[in-house]
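Each chain is listed here by its residues.
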Amino acid sequence: MNTYVTVIGLEVHVQLGTATKLFSPAPADALGDANTRVHVIDIGLPGVLPRLNETAIELAVRAALAVGGDVQPVSIFARKNYFYPDLPKGYQISQYEEPYCRGGRVAIAEDRFCQLERIHLEEDAGKLVHTDAGTLVDLNRAGIALVEIVSEPDLRSPTEAAAFLTNLREILRFAGVSDCDMERGSMRCDANISLMPTGSEQFGTKVELKNLNSVKMVQRALEYEERRQTAILAAGGNVTAETRGWLDERGESRSQRSKENAPDYRYFPDPDLPPLVISEAWVESIRSQLGELPAARRARFASSYGLPEYDIGVLTQDRELGDYFEATVAAGSDAKAASNWIMTDVLAALREFGVPLEDLRVTPARLAALLELLSAKALTAVAAKKVFVDMHENDREPRASMQALGLERIAAPAMLQPLIDAAVAALPGAAADVRQGIDKPLDALKGHVMRATKGRADPHVVEQLLRTTIGGA
Amino acid sequence: MSDIAIDRTELQRLAELARLHLPADREAALLGQLQDIVSAFAAIRAIELPDPAEPAAGAGAAPTPLRPDEPEPALGPDQVLANAPQRAADSFVVPRVVDA
């Protein structure tokens, strides 16, 4: 039994997938050259007023509903005051005492959940680049819409923290809230961790970890911190309340700020923004568009299609892929055959062509038609893969591709017999072995015929004809 | 909450948080003014409201208006940086800051 219990809580910032910023109509893509996505509202010029983005609220409510949170009918925007060059106004607009969502939960294992304390809306800060010549400030990101999801300290290990983030990311992607790309910063995580003696109910002194840019990094940083705090406590020492930055390449964290220097943000309600009112009718209309969430879809894919767990995991990794699968089945394909093709050829094609699923010209209906040709043995498995690529490249139906490529399966013995004879003549040794009852060289003979037909020959018919032609034991 | 006392230490802390330089000869005058402001709030608090649970903000006030999520042209970098004390290419330059 361990001497200490680990207690972890996470604060996750998620960038909402809006076209414009939270309070200004500047584009929210945050790409492009420095300071090209900046509106007068973002830099707090005198006389401007923030104007709240309706879609940001809708996506925030989606996030809340997707994790079972309680959307508050009235919430208040507050100013969080601090001086730092990433914040041109001198304050960040956030929510403090009255967040728009309370509660909710995220699964971390079968039948185990981490409760959420709250979710609030806030604007992002600008980007700073520290150089020897000074700090460069780019305000493209300043004002982008975020939600901050704050968990209860329910997580008991770094592994649970990783599971929380993985599941949260999946849910929010499914709900269409955000792409949740941690490497690109559209999902960011800070972690609070403390240790307490086993059996105790009093939490220990907590340390906040920052600079965690992937789920793996969150887990590594927490594992390191667990070891560091265990060593301090085991030696009879006390953990210092502080903020530590994770240095991934060194595999260690470094103190950034102690609690004595904790900032005093002097929050107060933003006088520029009346209360945010989210009506029950609005919440219900968003709920009705939310659709099925990952856990429910996984259960349904198992019961309706009888797919193996591995297939379900792949097909439910995002909403579009699962929709594509279901549309293929609805168009008449066998579920397992569709799943096999989607997990291999479809995903490979998306990578190779570098297109999103919606731009793949092999639509579900076309894939179903291709699979039908395959099951009717109109073409071989090898040929079907070529047809699949051609269907996307030339935007045509499977039968048209098959004919254009001349890939119809050849099963007529009359057409194959001359090729069989040629193979036997070309590989007399192999034929002799087969005649002695050794089956292995049969593959070489089959390969010869397949090459001659560019993969179009029906392998079963070829084998049959080879055996008849060679004869023997 | 009417017991918020503003003393010299608190005044200096607020000045530091607001990044204000406060000359020593003005401290006494400002302290007096701040104390007056805070006691005005104490007077407001003393008013008996019919239902103290009802929040003052939003009572009858219109909710915050919402804007459609449609992009409008951004300022050009030259406009954004028009008041920058120093710039390098299209970025503001400020004295080097690193998390303390």
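What counts and what doesn't
Residues numbered from 1 in each chain as written. Chains lettered and ligands numbered in written order. Predicted model: local features only at pLDDT ≥ 70, side-chain atom pairs only at ≥ 80, totals over all residues. Heavy atoms only, no water. Helix = DSSP H or I, 4+ residues; strand = E, 2+ residues; numbered from the N terminus. Buried < 20%, exposed > 50% of the residue type's maximum accessible area, 1.4 Å probe, protein only. Areas by Shrake-Rupley, 256 points an atom, 1.4 Å probe, with all protein chains shown as cover. Contact = heavy atoms within 4.5 Å. Buried area = accessible area lost by both parts, 1.4 Å probe. Salt bridge = Lys/Arg side-chain N within 4 Å of Asp/Glu carboxyl O. Domains from an automatic or database assignment. 1 Å grid on protein atoms, 1.4 Å probe; cavity = no way out; pocket = protein on both sides within 12 Å on 5 of 7 lines; lining within 4 Å. Points joined across faces, edges and corners; volume = space filled by probe spheres on them. Pairing = 2+ DSSP bridges. Right-handed = clockwise from strand over helix to strand, strands pointing away. Axes fitted to C-alpha atoms, helices over the stretch in contact; angles between N-to-C directions. Parallel < 35°, antiparallel > 145°, perpendicular 65-115°, else oblique. Patch = residues over 30% accessible without salt bridge, like charges linked within 9 Å, V, L, I, M, F, W, Y side chains within 5 Å. Core = buried A, V, L, I, M, F, W, Y, C linked by side-chain atoms within 4.5 Å. Polar contact = N/O pair within 3.5 Å; in protein donor to acceptor, adjacent residues only side chain to side chain.

### Regarding the overall build of chain B
- Secondary structure assignment for chain B yields three helices and three strands.
- Walking chain B from its N terminus toward its C terminus, one meets helices and strands in the order α-α-β-α-β-β.
- In chain B, buried positions account for 18% of the 100 residues.
- By element, 59% of the accessible surface of chain B is carried by carbon and sulfur atoms, the whole surface being about 7,500 Å².

### A look at the interface of chain A and chain B
- In this complex, chain A contributes 47 residues to the contact, which on the side of chain B involves 35 residues.
- Summing the contributions of chain A and of chain B, the shared interface buries around 3,300 Å²; its carbon and sulfur component is 58%.
- When residues of chain A are sorted by the area they lose upon contact with chain B, Asn35, Phe83 and Thr135 of chain A head the list and together hold 14% of the total.
- The interface formed by chain A and chain B contains two salt bridges.
- One salt bridge connects Asp264 of chain A with Arg13 of chain B, and the closest N-O pair in it is separated by 2.5 Å.

### Points about the domain arrangement of chain A
All names here are of chain A.
- What the domain assignment lists for chain A is domain 1 (4-282), domain 2 (292-405) and domain 3 (413-470).
- For domain 1 versus domain 2, the separation of C-alpha centres amounts to 38 Å.
- Opposite the five residues of domain 1 that make contact, domain 2 presents nine residues.
- Across the interface of domain 1 and domain 2, roughly 640 Å² is buried in total on both sides, 63% from carbon and sulfur atoms.
- Counting across the interface, domain 1 meets domain 2 through one salt bridge.
- Salt-bridge contacts for Arg298 lead to Glu170; the nearest nitrogen and oxygen are separated by 3.1 Å.

### Considering empty space enclosed by the protein
All names here are of chain A.
- All chains considered together, the criterion is met by one cavity of 30 Å³ or more.
- Considering only enclosed or pocket space, the largest cavity measures out at about 40 Å³ in volume.
- Residue lining of the largest cavity: Asp42, Leu87, Pro88, Lys89, Glu123, Asp124, Ala142 and Gly143, and that is the complete set.

### As for the pairing of strand β14 (residues 207-212) of chain A
Residue and element names in this part refer to chain A.
- Pairing between strand β13 (residues 187-197) and β14: four bridges, direction antiparallel. In the sheet register, Asn192 faces β14, and the bridge partner there is Glu208.
- The pairing of β14 with strand β15 (residues 242-247) spans four bridges and is parallel. When the sheet's bridge partners are listed, Leu209 is paired in β15 with Arg244.
- A crossover links β14 with its parallel partner β15, the connecting element being helix α3 (residues 215-234), and its sense is left-handed.

### Some thoughts on the packing of helix α9 (residues 364-375) of chain A against helix α11 (residues 398-405) of chain A
Residue and element names in this part refer to chain A.
- Remark: α9 packs on α11, axes separated minimally by 9 Å, with the N-to-C direction vectors making an angle of 55°. The pairing of α9 with α11 is recorded here as oblique in orientation. Note on element contacts: α11 touches α9 through Pro398, Arg399 and Met402, opposite Arg366, Ala369, Leu370 and Leu373.

### Brief notes about a nonpolar patch on the surface
Residues and elements named next belong to chain B.
- Among the surface-exposed residues, Ile37, Phe41, Ile44, Ile47 and Leu49 lie close enough to one another that they form a single nonpolar patch of about 540 Å² accessible area.
- Among the secondary structure elements, Ile37 is positioned in helix α2 (residues 24-45).
- The exposure class of Ile37 is partly exposed, given its relative accessible area of 47%.

### What to know about the pattern of salt bridges
Residue and element names in this part refer to chain A.
- Tallying each qualifying case throughout the model produces 41 salt bridges over all chains.
- Residue Glu326 is joined to Arg297 by a salt bridge in which the shortest nitrogen-to-oxygen separation is 4.0 Å. Here Glu326, found in helix α7 (residues 319-330), pairs with Arg297, found in helix α5 (residues 294-305); they are 29 residues apart in sequence, far enough to count as distant.
- We classify Glu326 as buried; its relative accessible area is 17%.
- Here Glu463 ties to Lys446 by a salt bridge, and the two come within 3.2 Å at their closest N and O atoms. Of the two residues, Glu463 sits in helix α15 (residues 459-470) while Lys446 sits in helix α14 (residues 442-452), which places them 17 residues apart along the sequence.

### A short note on unusual backbone geometry
All names here are of chain A.
- Phi angles above zero are rare outside glycine, and Asn35 is one such case at about 60°.
- Within the secondary structure layout, Asn35 lies in the loop between β1 (4-15) and β2 (52-53).
- Take Asn35: its relative accessible area is 0%, and that puts it in the buried class.
- Within the chain, Asn211 stands out as a residue other than glycine whose phi angle is a positive 70°.
- For Asn211, the location among the structural elements is in strand β14.

### Side note on the nonpolar core
All names here are of chain A.
- Leu10, Val12, Tyr100, Leu121 and Phe164 are the most contacted members of the largest nonpolar core, which totals 69 residues.
- The leading source of residues in this core is helix α1 (residues 54-66), at nine residues.
- The contact partners of Phe164, leaving out residues within four places of it in the chain, are Leu10, Val12, Val106, Ile108, Cys114, Leu116, Ser151 and Leu155.
- Grouped together as the second largest cluster of nonpolar side chains are 33 residues, Leu321, Ile342, Leu370 and Leu371 included.

### Examining the side chain of Glu123 of chain A
Residue and element names in this part refer to chain A.
- With respect to the element layout, Glu123 can be found in strand β9 (residues 112-123).
- Polar contacts involving the side chain of Glu123 include one to the main-chain amide nitrogen of Ile93, which spans 2.8 Å.
- With sequence-adjacent residues up to four places away left out, Glu123 is seen in contact with Leu22, Phe23, Lys89, Tyr91, Gln92, Ile93, Gly143, Ile144 and Leu146.

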